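# Coordinate inspection notes
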Amino acid sequence: MAAGRQLSKGLLRKLQNTAKNILFYRCFSNINEETTHFGYETISKEEKSERVHHVFHNVADKYDLMNDLMSGGIHRVWKDYFISKIHPRYGNKLLDVAGGTGDIAMRYLNYIKYERRKAMLPENQIIVCDVNQAMLHVGKRKAEHLGINQEISWVCGNGEDLPFEDNSFDVYTIAFGIRNFTNIEKALDEAYRVLAPGGRFMCLEFSAVTNPVLERLYDMYSFQVIPIMGQIIAKDWDSYQYLVESIRQFPDQDEFSKMINDSGFRMVNYENLTFGIAAIHSAFKL
């Protein structure tokens, strides 16, 4: 009983701190050029890179499990639909950025192999690039278990400074990763640089909920359930608190579309999923 009371008090303190952070964010949301946000905190840009790396190092082993639990499995439906919108073609070269656990790359591979009836793909046709080695290890283990590791290349690299030549890829994908970058504009510029003319940019990311009633329910679930779930399942409240807050800091659908356009992309559009909880952004390098 005593241990239970202590746990309850600890969770209450966490919830109280969350409420204070939200209030602080709403009152003091201006960020200068030398600083950025880490959830609802304002920190230096250098510190954000280090702290984001720490978050994903901590959550790597439980990342796929927590995605299933937090979304009720709907993230799988979103990702399947995301791949169907790309219409992968045999011979196209894919770069999946911030894709360490391999969900998008593996779906892309399966689409080609089973929908297009092709056997093993050429070497380096599908590349996963992630700055976090722990996430890449998880992805490699999954691919080895499925017997497809040799058909996917794994590269440790920063999405804001990609280790690839100009005009190298036909498709650039990023799913639930771009909001964690320190400089989103720079990441978009890098996406434009490495895509070949005619190449396609595809981004799946959490976004702004369009239904006011659902938005309130979503906020309650996000702030009052997900961090607790993270503590119980992954023994990590803080990382999941950050992940929830980072969604609210990300530009809404129209603002992010403008950022994509400003990086040089054309035919920019988006499609809301589940009332805007997530959105698919599509554009081309012309």
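Conventions used here
Residues numbered from 1 in each chain as written. Predicted model: local features only at pLDDT ≥ 70, side-chain atom pairs only at ≥ 80, totals over all residues. Heavy atoms only, no water. Helix = DSSP H or I, 4+ residues; strand = E, 2+ residues; numbered from the N terminus. Buried < 20%, exposed > 50% of the residue type's maximum accessible area, 1.4 Å probe, protein only. Contact = heavy atoms within 4.5 Å. Areas by Shrake-Rupley, 256 points an atom, 1.4 Å probe, with all protein chains shown as cover. Patch = residues over 30% accessible without salt bridge, like charges linked within 9 Å, V, L, I, M, F, W, Y side chains within 5 Å. Salt bridge = Lys/Arg side-chain N within 4 Å of Asp/Glu carboxyl O. UniProt positions renumbered as here; feature names shortened; annotations may be inferred.

## Describing the overall build of the protein chain
Along the protein chain, the regular secondary structure elements total 11 helices and nine strands. Looking at the 286 residues of the protein chain, the share that counts as buried comes to 49%. Within the protein chain, counting contacts between residues at least 6 apart in sequence, those at least 24 apart form 73% of the total. Summing over all exposed atoms, the protein chain offers an accessible surface of approximately 14,300 Å²; the carbon and sulfur share of this is 52%.

## Let's talk about a nonpolar patch on the surface
On the surface, a nonpolar cluster with roughly 330 Å² of combined accessible area is contributed by Leu-65, Leu-69, Ile-232 and Ile-233. Mapped onto the nonpolar patch, the elements with two or more residues apiece are helix H3 (63-71) and helix H9 (226-234). Structurally, Leu-69 can be placed in helix H3.

## Quick look at the UniProt feature "binding site: S-adenosyl-L-methionine" (unreviewed entry) in the protein chain
UniProt feature "binding site: S-adenosyl-L-methionine" (unreviewed entry): in the numbering of this structure it lies at Thr-101, Asp-130, Asn-158 and Gly-159. One can find Thr-101 in the loop between strand S3 (94-97) and helix H5 (103-115). Beyond its immediate sequence surroundings of up to four residues, Thr-101 is in contact with Tyr-63, Asp-64, Met-106, Met-135, Val-138, Gly-139 and Lys-142. On the basis of relative accessibility, which here comes to 35%, the residue Asn-158 falls in the partly exposed class.

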